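As a plain string of letters, each chain reads:
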Amino acid sequence: AELIRIAIAGHGNLGRGVEAAIKKNPDMQLTGIYTRRPPAQVSPLTENVQVFSMDELKTHQDKIDVLILCGGSKQDLPEQGPELAALFNTVDSFDTHARIPEYFAAVDAAALPNKRTALISAGWDPGMFSINRVMSEALLPDGETYTFWGDGLSQGHSDAIRRVSGVAGGVQYTRPVPEAIEKVRSASRPVLTTREKHKRECFVVLQEGADADTVREKIVTMPDYFADYDTTVNFISAEELARDHQAMVHGGFVIRSGNTSDQNAQVVEYSLKLDSNPEFTASVLVTYARAVHRMAQSGQHGAKTVFDVAPGLLSVKSAAQLRAELL
Ligand code: NDP
């Protein structure tokens, strides 16, 4: 069979992850990497793959089956998503939850009249966690769903620490509170506050001459980011930061408990433990690219989310093989 021709738009952590994921999927080939930077500044992990300027994309429409958008959700995707969905079948990982409805509308308006299929907000959250929230809520209408994140490195909170004066570098880990998870698993449907669900732990390198207590106070009282949580601040050396805190670990849990009758409670749980957040996210994007290719071929155009994709479309195996092996 012909290989699915995948291209990458934007080469950061996710872009590199897509390269790694394509190597694990024998039905796909990487046809190019597109960047806004001068192409010579981008170093692909894949041998013999060409890096092009993003401007060349519009002349490569017949060379690409699915374009995977690896730009950031804040600045890049709100522009690139609709623009590129008019020209290509796309997959992206737009993760600003509150803005998903307006982003969906903008991408749909671009994709539908041009007969393109554009799957938005794939990844793990949104993405795999979303699917598990929908499934467990549908199966247990009388119940409660809980999402816990971590242990994981939060990019946004790490950026916030680095903006505090006196801080030379740092990272932030989000950690679910074990007692809260146990309460949820016991099917008692607890009401949990923000503080009861997650803790925040910071590893900070001080600038020369900065006062540790002042920096700690500024961090733990920061509104939105830290004030509503129990936050621990550890001071470490630049060497320790470089040695021990570079991995982009993440993960979490989606748990729903509910009752099917007065006597019987049921608990459904999905969990992820990720050594590399971007590599796993990219792996999800590549899998959805396969589904998008199939949906585009069968005329299902417009913006889509993971809720619209049948599980069998994700698999490299045929429907008959899936029935025989996995049902
Ligand atoms: P990066 O910051 O690594 O990359 C974003 C873009 O920045 C790239 O596409 C690239 O565009 C540009 N870029 C990358 N490196 C450089 C550099 N050295 N200098 C200048 N520009 C650079 O972001 P990530 O790949 O880590 O994440 C992308 C998005 O994925 C995040 O914003 C997040 O919203 C989303 N995400 C979603 C998840 C989910 O579960 N749904 C999970 C994890 C992430 P270009 O090549 O054009 O310059």
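Residues numbered from 1 in each chain as written. Predicted model: local features only at pLDDT ≥ 70, side-chain atom pairs only at ≥ 80, totals over all residues. Heavy atoms only, no water.

Undergrad: I'd like to hear about the overall build of the protein, residue by residue, with values.
TA: When its secondary structure is counted, the protein shows 11 helices and 14 strands. Its C-alpha radius of gyration of 22 Å places the protein within 12% of the 20 Å reference for a compact globule of 327 residues. Taken across its 327 residues, the protein has 49% of its residues classed as buried. Sequence separation of at least 24 residues holds for 67% of the intrachain contacts in the protein that already meet a minimum separation of 6. As displayed, the protein has an accessible area near 16,500 Å², and 50% of this comes from carbon and sulfur atoms. Taking the average place of the 33 positive charges on the side chains of the protein and the average place of its 41 negative ones, the gap between the two points comes to 3 Å. (Helix = DSSP H or I, 4+ residues; strand = E, 2+ residues; numbered from the N terminus. Rg over C-alpha atoms; globule rule 2.2 N^0.38 Å. Buried < 20%, exposed > 50% of the residue type's maximum accessible area, 1.4 Å probe, protein only. Contact = heavy atoms within 4.5 Å. Areas by Shrake-Rupley, 256 points an atom, 1.4 Å probe, with all protein chains shown as cover. Lys, Arg positive; Asp, Glu negative; His and termini not counted. Charge placed at Lys NZ, Arg CZ, Asp CG, Glu CD.)

Undergrad: Now, about the side chain of His 11: what can you tell me, with residues and values included?
TA: On the secondary structure map, His 11 appears in the loop between strand S1 (4-9) and helix H1 (13-23). His 11 gets classed as buried once you look at its relative accessible area, which sits at 7%. One polar contact links His 11 to Glu 19, side chain to side chain, over a distance of 2.7 Å. The residues touching His 11, leaving out its near neighbours within four places in the chain, are Arg 16, Glu 19, Ile 33, Arg 37, Val 42, Ser 43 and Pro 44. (Polar contact = N/O pair within 3.5 Å; in protein donor to acceptor, adjacent residues only side chain to side chain.)

Undergrad: Could you give me a rundown of the nonpolar core, with the residues and numbers involved?
TA: Membership of the largest hydrophobic core comes to 33 residues, with the highest contact counts inside it found for Ile 6, Val 18, Ile 68, Val 91, Ala 122 and Tyr 288. If you list the elements that add at least two residues to this core, you get S1, H1, strand S2 (28-35), strand S4 (66-69), helix H4 (128-139) and helix H10 (277-297). Ignoring anything within four residues of it in the chain, the contact list for Ile 68 reads Ile 6, Ala 7, Ile 8, Ala 9, Val 18, Val 91, Leu 285, Val 286 and Ala 289. Counting residues in each nonpolar core, the second largest holds 21 residues, with Ala 7, Phe 52, Phe 94 and Ile 120 among its members. (Core = buried A, V, L, I, M, F, W, Y, C linked by side-chain atoms within 4.5 Å.)

Undergrad: I'd like to hear about the pattern of salt bridges, residue by residue, with values.
TA: Close approach of charged atoms allows side chains of opposite charge to pair. Here the structure, examined in full by the defined rule, presents 15 salt bridges. A salt bridge links Asp 230 to Arg 195; the shortest N-O distance between them is 2.8 Å. Note that Asp 230 is positioned in strand S11 (residues 230-235) and Arg 195 in helix H7 (residues 194-197), a separation of 35 residues in sequence. Taking the relative accessible area as the measure of exposure, Asp 230 reaches 39% and is therefore partly exposed. One connected set of salt bridges, linked through shared partners, spans Asp 151, Arg 175 and Glu 201. (Salt bridge = Lys/Arg side-chain N within 4 Å of Asp/Glu carboxyl O.)

Undergrad: Before we move on, can you summarise the sheet that holds strand S10 (residues 198-206) with the specific residues and values?
TA: Hydrogen bonds along the backbone pair up the strands of a sheet, which may run parallel or antiparallel. In space, the 4 strands of this open sheet follow the order S8-S9-S10-S11, with mixed pairing throughout. Each edge of the open sheet is held by one strand with a lone partner, namely strand S8 (152-153) and S11. In the packing of helix H8 (residues 212-220) onto the sheet, the strands contacted are strand S9 (167-176), S10 and S11, and the crossing angle to S11 comes to about 150°. (Pairing = 2+ DSSP bridges. Axes fitted to C-alpha atoms, helices over the stretch in contact; angles between N-to-C directions.)

Undergrad: I'd like a description of the pairing of strand S13 (residues 265-274), backed by residues and values.
TA: Alignment of strand S12 (residues 250-259) against S13, held across 10 bridges, turns out to be antiparallel. If you follow Ser 257 over to S13, its bridge partner there is Val 267. The hairpin turn running from S12 into S13, its antiparallel successor, is 5 residues long.

Undergrad: If you had to explain the site of the ligand to someone new, which residues and values would you point to?
TA: The environment of the ligand is formed by 23 residues, the closest being Leu 14, Thr 35, Arg 37, Ser 73 and Asp 95. Side-chain polar atom of Asn 13 to an oxygen atom of the ligand: 2.9 Å apart, as the coordinates give it. Pro 126 has a polar backbone atom sitting 3.2 Å from a nitrogen atom of the ligand. The fraction of the free accessible surface of the ligand (920 Å²) that becomes covered by protein chains is 71%. Of all the secondary structure elements, the ones that give two or more residues to the shell around the ligand are H1 and H10. Counted by class, the shell around the ligand contains 6 nonpolar, 12 polar and 5 charged residues. (Near = heavy atom within 4 Å. Nonpolar A, V, L, I, M, F, W, Y, C, P; charged D, E, K, R; others polar.)

Undergrad: A description of the confidence of the model for the protein should follow, citing residues and the corresponding values.
TA: Scored by pLDDT, the protein has a mean of 97; 100% of the residues are at 70 or more. Note on the complex model: pTM 0.96, ipTM 0.98. (pLDDT = per-residue confidence, 0-100.)

Undergrad: Could you give an account of unusual backbone geometry, with specific residues and numbers?
TA: Geometrically, the link from Asp 125 to Pro 126 is a cis peptide bond, its omega value of 5° lying close to zero. Tracing the backbone shows Pro 126 in the loop between strand S6 (117-119) and H4. Within the chain, Asn 48 stands out as a residue other than glycine whose phi angle is a positive 60°. Among the secondary structure elements, Asn 48 is positioned in the loop between S2 and strand S3 (51-53). Looking at Asn 48, the relative accessible area reads 81%, which means it is exposed. Unusually for a residue other than glycine, Arg 189 sits at a positive phi of about 50°. Here Arg 189 lies in the loop between helix H6 (178-185) and H7.

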